[in-house]
Amino acid sequence: MLSPAKNYFELFDLPMSFAVDVSVLAERYRAVVRWLRIESLLGRETQDDGESPHALGLLDEAYRTLADPLSRAEYLCCLYETDQDSLEFPKGQLGSRGSSLMEQIELEETLVAATNRSDPAGAVAKVLTKLAERSAALDKELHALFADPSPENLNAAREIVRQLEQLSRCRRDAEGRQVVLGRRD
C-alpha cells in the first residue's frame, strides 16, 4: 500500500479528488521537473536533504500514482484513512467480498470459454469490452464515493478498488490470450 507521507496532490497543486484532469497533471508534472532540473543545474538544494534525484523519484511516483485511476483510488483511500477501525467492513458487508470473488471466477470462466469458441479472437474481444464497461461503471461509482469521503463511502470505495484490481488482472489475462490468438492466425 502506498504511504501518504507526502500529499501527491499538493506536489502538482491539484485538489484532493478522484477526478483528475490527466492533461493538467502532465503539464504540471513537466513544469515541476523543469524547475527541479534548473535548480539542480544551478546547484541549489530542492529538498531538505538536498538530493534532486530523490525529489525526481518522488515526483515520478506521484505522477504515476495520480495518472492511473486505480492507483489514485488506492492512494485516496490511504490518505483518507485516519482510524484503522473505522475502515473495517461492518458486519453484513462481508458478503460483498464473496460476490466480487464470484464475479472474478465467472469472468475467468467466460474467458476460458471464449478461447474455446470457433472465433476465439472475437469472443475474447467481447470479454475485453465487457471488462471495460464494468470498469467504467465502477469508476463512476468511485467518483461519487470520493465526493463524500465518509467512513461508509471509503469502505465501499475500498471494495470497488478490490473489484477493479480483479478486473485489471482479468483484462491482462484476456489481452495475453488475445496476443497468443493473434500469433496463431
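Please refer to the structure higher up on the page.
Note that the coordinates shown come from a computational prediction; the quantities given were computed from them, not determined experimentally.

Cut-offs and rules
Residues numbered from 1 in each chain as written. Predicted model: local features only at pLDDT ≥ 70, side-chain atom pairs only at ≥ 80, totals over all residues. Heavy atoms only, no water. Helix = DSSP H or I, 4+ residues; strand = E, 2+ residues; numbered from the N terminus. Buried < 20%, exposed > 50% of the residue type's maximum accessible area, 1.4 Å probe, protein only. Contact = heavy atoms within 4.5 Å. Areas by Shrake-Rupley, 256 points an atom, 1.4 Å probe, with all protein chains shown as cover. Salt bridge = Lys/Arg side-chain N within 4 Å of Asp/Glu carboxyl O. 1 Å grid on protein atoms, 1.4 Å probe; cavity = no way out; pocket = protein on both sides within 12 Å on 5 of 7 lines; lining within 4 Å. Points joined across faces, edges and corners; volume = space filled by probe spheres on them. Nonpolar A, V, L, I, M, F, W, Y, C, P; charged D, E, K, R; others polar. Phe/Tyr/Trp six-rings, centres within 6.5 Å; stacked < 30°, edge-to-face > 60°. Patch = residues over 30% accessible without salt bridge, like charges linked within 9 Å, V, L, I, M, F, W, Y side chains within 5 Å. Expected span 1.5 Å × (residues − 1).

Examining the overall build of the chain
The number of helices and strands found in the chain is seven helices and zero strands. Helices (α) and strands (β) of the chain occur, in sequence order from the N terminus, as α-α-α-α-α-α-α. A buried classification covers 35% of the 185 residues belonging to the chain. Of the contacts made within the chain by residues no fewer than 6 positions apart, 71% connect residues no fewer than 24 positions apart. Per element, the accessible surface of the chain, about 11,100 Å² overall, is 51% carbon and sulfur.

Side note on the pattern of salt bridges
Inspection of every chain in the model, using the stated rule, returns three salt bridges. The residue Asp173 makes a salt bridge to Arg177 at a minimum N-O spacing of 3.3 Å. Taken together, the residues span about one helical turn, with Asp173 and Arg177 both in helix α7 (residues 151-184) at a distance of four residues. Arg177 sits in the partly exposed class, given a relative accessible area of 24%.

Concerning the layout of surface pockets
In this structure, the largest pocket encloses a volume near 260 Å³. As for the largest pocket, its lining consists of 14 residues, and the residues nearest its centre are Ser135, Ala136, Leu164, Ser168 and Arg171. Taken together, the elements giving at least two residues each to the lining of the largest pocket come down to α4 (69-80), α6 (120-147) and α7. Counting residues per element, the lining of the largest pocket draws most heavily on α6, at seven residues. Of the residues assigned to the lining of the largest pocket, the class counts are nine nonpolar, two polar and three charged.

Concerning the packing of aromatic side chains
Scanning the entire structure with this criterion turns up six aromatic pairs. Each ring, one from Tyr8 and one from Tyr75, has its centre 4.5 Å from the other, and the planes form 10°; the classification is stacked. Within this pair, whereas Tyr8 is found in helix α1 (residues 8-11), its partner Tyr75 is found in helix α4, the two being separated by 67 residues in sequence. Here the two residues Tyr8 and Tyr75 agree in accessibility, since each one is buried. Aromatic pair Phe12 and Tyr29: ring centres 6.4 Å apart, planes at 50°, arrangement tilted.

Observations concerning a nonpolar patch on the surface
Together, Leu101, Met102 and Ile105 make up an exposed nonpolar region whose accessible area comes to about 260 Å². Position of Met102 relative to the elements: it lies in helix α5 (residues 95-115). Among the residues examined, Met102 registers a relative accessible area of 46% and is labelled partly exposed.

So, α6
Here α6 spans 41 Å end to end across 28 residues, near enough to the 40 Å set by a 1.5 Å rise per residue. Among all positions in α6, only Pro120, Ala123, Val124, Val127, Leu128, Leu131, Leu138, Leu142, Leu145 and Phe146 are buried.

With respect to the environment of Leu11
Here Leu11 shows up in helix α1. In the structure, Leu11 is positioned 48 residues away from Leu59 in sequence and 7.7 Å away in space, judged by C-alpha atoms. Every residue in contact with Leu11, bar those within four places of it in the chain, is listed here: Val32, Leu58 and Ala62.

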